[in-house]
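Summary of the model geometry
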Amino acid sequence: MTDHLPHTLRSDALDNRERILDAARALFSADGLDVPMREIARRAGVGPATLYRHFPTKQMLLADAFADQLHACRAIVDEAGADPDPWRGLCLVIEKICELHARDRGFTEAFLSAFPGVTDVDAGRHYTVKAVAELAQRAKEAGRLRPDFVLDDLILILMANKGIHATSPTAQVMASRRFAGLVIQAFEAHPHHTPLPPAARLASAALLSPPR
């Protein structure tokens, strides 16, 4: 009996950890990142002490809750960057990133927010934005991306995609794919495209500036 006890404890601890992460993801998605840690513990069916034993800080919980999505973001931009056709790569980023965020609104909020101390999320966002900037520049040089595209447009896409509401997760993803297709059409370079007026650019920059 004694030989099996450590394994049982490890299994229980792993089960508690997964329940905490599942509860955190659900609550972050429904109520935002400010949901109290005690509420996460209650939803997971564990005591606050158990939650803090696994995740001493909320920053650690956020980083682990969205680790898979951050890895997926990196894989998407790496795949797109390796495509010899930069426009095709950029289209892939828009399609897959929108779908990824449509499946988890909590991740969208974490990605767009400036929640203090979540180093992994900050690093993942920086990596994604930098990769998209390089891809967009290549697509412009190839004459496929409209020349007035700016990097803040990527954030604007995610903000708009977050606002899509559907009756089921499947419908949510389908609506996001439709939205991504329309975005791609709008961004493709055409001779009749005219640059955005300066006032619109200033409004966009003000809207997307991170909170101080």
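Since this is a predicted model, take the numbers as computed values, not measurements. (Residues numbered from 1 in each chain as written. Predicted model: local features only at pLDDT ≥ 70, side-chain atom pairs only at ≥ 80, totals over all residues. Heavy atoms only, no water.)

Topic: the overall build of the protein chain
This is how the line gets drawn: To qualify as a helix, a DSSP run of H or I must reach at least 4 residues; to qualify as a strand, a run of E must reach at least 2; elements of each kind are numbered from the N terminus. When accessible area is computed with a 1.4 Å probe and restricted to protein chains, residues below 20% of their type maximum are described as buried, those above 50% as exposed, and intermediate ones as partly exposed. Residue exposure ignores everything except the shown protein chains as possible cover, and the areas themselves are Shrake-Rupley values with a 1.4 Å probe.
Secondary structure assignment for the protein chain yields 11 helices and zero strands. Scored against the burial criterion, the 212 residues of the protein chain give a buried share of 41%. Of the roughly 12,000 Å² that the protein chain leaves accessible, carbon and sulfur atoms contribute 59%.

A look at the nonpolar core
The following threshold applies: Nonpolar core, defined: a set of buried Ala, Val, Leu, Ile, Met, Phe, Trp, Tyr and Cys residues in which side-chain atoms within 4.5 Å join the residues together. Contacts between residues were defined by any pair of non-hydrogen atoms, one from each residue, lying within 4.5 Å.
F28, I40 and L61 are the most contacted members of the largest nonpolar core, which has 53 residues in total. In terms of residues, this core owes the most to one element, helix α6 (residues 86-102), which gives nine residues. Leave out the neighbours within four places in its chain, and I40 touches I20, A23, A24, L27, F28, V35, L51 and L61.

Some words on the environment of V132
Among the secondary structure elements, V132 is positioned in helix α8 (residues 119-141). Taking the C-alpha atoms as reference, V132 lies 8.2 Å from G81; in sequence the two are 51 residues apart. What V132 contacts, discounting residues up to four positions off in sequence, is V77, L90, V93, L151 and L154.

Some thoughts on the side chain of D83
Structurally, the position occupied by D83 is in the loop between α5 (67-82) and α6. Judged by its relative accessible area of 17%, D83 falls in the buried class.

Points about the packing of aromatic side chains
Basically, it comes down to this: Note on aromatic pairs: the rings of Phe, Tyr and Trp (six-membered ring only in Trp) are paired at centre separations within 6.5 Å, and the planes decide the class, stacked below 30 degrees, edge-to-face beyond 60, tilted for the rest. By definition, being over a ring means that NZ of Lys or CZ of Arg is both within 6 Å of the ring centre and within 35 degrees of the ring normal.
As enumerated under the stated definition, the model contains four aromatic pairs in all. Ring geometry for F149 versus F187: centroids 5.1 Å apart, planes at 80°, classification edge-to-face. With F149 in the loop between α8 and α9 (152-162) and F187 in helix α10 (residues 169-187), this pair connects stretches of sequence that are 38 residues apart. Across the pair, exposure class does not vary: F149 and F187 are buried alike. A network of ring pairs unites the aromatic residues F28, F66, F107 and F111 as a single cluster. Above the ring of Y127, the side-chain terminus of R74 is found at 3.7 Å from the ring centroid.

Some points on the packing of α6 against α9
What describes two packed helices is the angle between their axes and the distance between those same axes. Note the cut-off: Axis lines are fitted through C-alpha atoms, for helices just across the contact stretch, and the angle between N-to-C directions can take any value from 0 to 180 degrees. Any angle between 65 and 115 degrees counts as roughly perpendicular, while under 35 counts as roughly parallel, over 145 as roughly antiparallel, and the rest as oblique. Should the near helix be turned anticlockwise from the far one by less than a right angle, the crossing is termed left-handed; should it be turned clockwise, right-handed. Each residue gets one label: Ala, Val, Leu, Ile, Met, Phe, Trp, Tyr, Cys and Pro are nonpolar, Asp, Glu, Lys and Arg are charged, and the others, such as Gly, are polar.
Contact geometry for α6 and α9: axes closest at 10 Å, N-to-C directions at 40°. The orientation of α6 with respect to α9, classified from their angle, is oblique. The interaxial crossing formed by α6 with α9 has right-handed handedness. Between α6, through I97, C98, H101 and A102, and α9, the contact on the second element is made entirely by I157, L158 and N161. The residue inventory of the contact of α6 with α9, partitioned by class, reads five nonpolar, two polar and no charged.

Some words on the pattern of salt bridges
Put simply, the test is: Salt-bridge detection follows one rule: a side-chain nitrogen of Lys or Arg within 4 Å of a carboxyl oxygen of Asp or Glu.
Within this structure, the stated rule accounts for 12 salt bridges. With a shortest N-O distance of 3.2 Å, R25 and D22 are connected by a salt bridge. Here the residue R25 and the residue D22 both occupy positions in helix α1 (residues 5-31), the gap between them amounting to three residues, near one helical turn. Of the residues examined, R25 reaches a relative accessible area of 21% and is grouped as partly exposed. Note on D22: relative accessible area 46%, which makes it partly exposed. Via salt bridges that share partners, E99, R103 and R177 belong to a single interconnected network.

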